[in-house]
Amino acid sequence: MSGRRSFHAQNIKKLLAIIRDIEYTVYSIYHNRRNKMLSYISAKEAAEKWGISQRRVAILCSENRINGAMMVGNMWIIPANAEKPVDKRTTRYEKGHKIELKPFVKWVGGKSQLVSELEKFITSEGDRSIKKYAEPMVGGGALFFSILGKYDFDEFYIGDTNVELMNAYKVVRDKVDELIAKLCEMQLSFLPMDENGRKYHYYTARERFNSLSLNDKTAVEKAALFIFLNKTCFNGLYRVNKKGQFNVPMGAYKNPTICDEDNLRNISSVLHNVTIVCGDYTLSKDFIDSNTFVYIDPPYRPISETSGFTSYNSDCFDDNEQKRLAEFIVEIDKKGAKIVLSNSDPKNVNPEDNFFDELYKGYEIHRVSASRMINSNGEKRGKINELMISN
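Residues numbered from 1 in each chain as written. Predicted model: local features only at pLDDT ≥ 70, side-chain atom pairs only at ≥ 80, totals over all residues. Heavy atoms only, no water.

Student: Can you walk me through the overall build of the protein in this structure?
Tutor: Broken down by element type, the protein carries 12 helices and 10 strands. The 391 residues of the protein split such that 49% are buried. Taking the contacts inside the protein whose residues are at least 6 apart along the sequence as the reference set, 73% of them involve residues at least 24 apart. (Helix = DSSP H or I, 4+ residues; strand = E, 2+ residues; numbered from the N terminus. Buried < 20%, exposed > 50% of the residue type's maximum accessible area, 1.4 Å probe, protein only. Contact = heavy atoms within 4.5 Å.)

Given below as structure tokens:
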């Protein structure tokens, strides 16, 4: 059975490559006939020619602002005689220019419902020169993807300590065709199954994920398994045991979207030139300067004895870690960065708990309403306050 699946996956990869080659050939023939001979350059060469970043070129291509630009495989090529578009160094709020991006994984504590509130901190900067964006605890990246699709920042930095998550980001960026082929195969196999078949498939995939060591050869398979498990597990939760093994049970989804090909390709097309780092948030310090907007979304301080259930890695982010993070906030604040930090509001359960009010004394503390999505008791899911702390 595994041999058949491997053969099927290889055929999908070959088919995708053939389709890309045909697209390129047809496109080239068409333009050769019209223009006799049309040569192409890479996005990197166009960036050097026009004196802008490679990421900026990719954005212009995805917005159809460079005539004749096309994507071959996972890279943009541009006619050598193409002219540099007029640079619009403004927020791309116009619908026609907006790139629709959404997180490729579900993530506990994700900020999808608070994105509009968070973006107000960027638009409130007025004439201040914000050219860079850093999110050193990116998680599912709800705000990051919204920003990436709307704003023309010169540089982006994302990081996280979750090794599997950051591997998935890199694979989406660098090997999206191979990833899509594997996810399509998983989706075609999983969806037609009955409940017992799905359970066997899920727990077999989970065992494979936990037993497979991450390296260059296994990176694509691990990313595909990571996304598959995320889309089919209970509430999209990522939780590991003390051995670092993923141990979330299967969820009850009728028709989960395991392979969102369009979204993955859209993300991949603009993720080039985004600095992706697996490691502690303090590694972003050198990237951050006075022109940087920094958003930090740490593991939330538990507001009850059981809410720590949602921790996404085996490391404990306790009050001492919260204090270490506050010290880092002070450091980058001194560099002149614009900072926004999210966290839970302990006053939801104890009005006398001033932990964050005291820890971030001197900063602006905003309380906003959000929905609590994870609880074994559905009646306990509902509106609570969360904190947004800014300088």
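Student: When you look at the packing of helix H7 (residues 176–190) against helix H10 (residues 261–271) in this model, what are you seeing that I'm missing?
Tutor: Helix-helix packing: each pair is described by the crossing angle between the helix axes and the interaxial distance. At a minimum axis distance of 10 Å, the contact between H7 and H10 shows a crossing angle of 165°. It follows that H7 is roughly antiparallel to H10 by the angle criterion. Along this stretch, H7 crosses H10, giving a crossing that reads as right-handed. Only Glu261, Leu264, Arg265 and Ser268 of H10 make contact with H7, whose side of the interface consists of Val176, Asp177, Leu179, Ile180 and Leu183. Grouping the amino acids of the contact of H7 with H10 by side-chain chemistry returns 5 nonpolar, 1 polar and 3 charged. (Axes fitted to C-alpha atoms, helices over the stretch in contact; angles between N-to-C directions. Parallel < 35°, antiparallel > 145°, perpendicular 65-115°, else oblique. Left-handed = near helix turned anticlockwise from the far one by under 90°. Nonpolar A, V, L, I, M, F, W, Y, C, P; charged D, E, K, R; others polar.)

Student: Just to check I follow, could you spell out unusual backbone geometry for this structure?
Tutor: Excluding glycine, most residues fall at negative phi; most peptide bonds, likewise, are trans. Located in the positive-phi region is Asn235, a residue other than glycine, with phi close to 55°. Here Asn235 lies in the loop between helix H9 (219–232) and H10. With a relative accessible area of 27%, Asn235 lands in the partly exposed category. Positive phi, close to 75°, is recorded for Asn273, a residue that is not glycine.

Student: Sorry, what's going on with the packing of aromatic side chains here?
Tutor: Describing an aromatic ring pair means giving the distance of the ring centres and the angle of the ring planes. Within the structure shown, the criterion is met by 23 aromatic pairs. With a centroid separation of 6.0 Å and an interplanar angle of 75°, the aromatic rings of Phe144 and Phe156 are classed as edge-to-face. Here the residue Phe144 occupies a position in helix H5 (residues 142–150), and Phe156 occupies one in strand E5 (residues 155–160), the gap between them amounting to 12 residues. Each of the two residues, Phe144 as well as Phe156, counts as buried. Grouping aromatic residues by their ring pairs yields a cluster made of Phe104, Tyr133, Phe144, Phe145, Phe153, Phe156, Tyr169 and Phe293. Between Lys222 and the ring centre of Phe209, over which it is positioned, the NZ or CZ distance is 4.4 Å. (Phe/Tyr/Trp six-rings, centres within 6.5 Å; stacked < 30°, edge-to-face > 60°. Lys NZ or Arg CZ within 6 Å of the ring centre and 35° of its normal.)

Student: For this particular structure, what's the right way to read the environment of Asn266?
Tutor: One can find Asn266 in helix H10. Separated by 165 residues in sequence, Asn266 and Leu101 place their C-alpha atoms 6.8 Å apart. What Asn266 contacts, discounting residues up to four positions off in sequence, is Glu100 and Leu101.

Student: Honestly, the sheet that holds strand E2 (residues 70–72) in this entry has me stumped. Any pointers?
Tutor: Two strands in a sheet stick together by hydrogen bonds in their backbones, pointing the same way (parallel) or opposite ways (antiparallel). Taken in spatial order, the 3 strands of this open sheet run E1-E3-E2, and their pairing is antiparallel. The open sheet has two edge strands, strand E1 (40–42) and E2, and neither has a second partner. The sheet shows a mean angle of 45° between the axes of neighbouring strands, direction not considered. The pairing of E1 with strand E3 (residues 75–79) spans 3 bridges and is antiparallel. Looking across to E3, one finds that Ser42 is bridged to Ile77. On top of the sheet, helix H2 (residues 43–50) reaches E1 and E3; it is set at about 90° to E1, its chief contact. (Pairing = 2+ DSSP bridges.)

Student: Looking at this structure, I do not really get the side chain of Ser268. What am I missing?
Tutor: Examined against the element boundaries, Ser268 turns out to sit in helix H10. Among the polar contacts listed, one links the side chain of Ser268 to the backbone oxygen of Val172, at a separation of 2.9 Å. Once residues lying within four places of it in the same chain are set aside, the contact partners of Ser268 are Asn74, Val172, Arg173 and Val176. (Polar contact = N/O pair within 3.5 Å; in protein donor to acceptor, adjacent residues only side chain to side chain.)

Student: How should H5 be read in this particular structure?
Tutor: An α-helical turn contains 3.6 residues, so a residue and the one three or four places further along point in the same direction. The element H5 is extensively covered by neighbouring structure, given that 9 of its 9 residues are classed as buried. Among all positions of H5, only Ala142, Leu143, Phe144, Phe145, Ser146, Ile147, Leu148, Gly149 and Lys150 are buried.

Student: So what exactly am I meant to see when it comes to empty space enclosed by the protein here?
Tutor: With a probe scaled to a water molecule rolled over the atoms, the places where space remains empty come into view. This structure, assessed with the given rule, holds 2 cavities of 30 Å³ or more. Volume-wise, the largest cavity comes out at about 40 Å³. Lining the largest cavity, in full, are Phe104, Leu183, Ile227, Lys231, Ile258, Asp260, Asn263 and Leu264. Secondary-structure elements contributing two or more residues to the lining of the largest cavity are H9 and H10. A breakdown of the residues in the lining of the largest cavity according to their chemical character gives 5 nonpolar, 1 polar and 2 charged. (1 Å grid on protein atoms, 1.4 Å probe; cavity = no way out; pocket = protein on both sides within 12 Å on 5 of 7 lines; lining within 4 Å. Points joined across faces, edges and corners; volume = space filled by probe spheres on them.)

Student: Sorry, what's going on with the environment of Ile59 here?
Tutor: Topologically, Ile59 is positioned in helix H3 (residues 54–62). You can call Ile59 buried: its relative accessible area is 0%. On a C-alpha basis, the gap between Ile59 and Gly149 in space is 8.9 Å, while along the polypeptide they are 90 residues apart.

Student: I tried to follow the pairing of strand E4 (residues 132–135) on my own but got confused; where do I start?
Tutor: Along any regular strand, the residues point their side chains to alternate faces of the sheet. Because side chains alternate across E4, one face comprises the buried residues Lys132 and Ala134, and the other comprises Tyr133 and Glu135, equally buried. As paired elements, E4 and E5 share 4 bridges and run parallel to each other. Bridge assignment links Glu135 to a residue of E5, and that residue is Ile158. Pairing of E4 with strand E7 (residues 292–296), which is carried by 3 bridges, proceeds in the parallel orientation.

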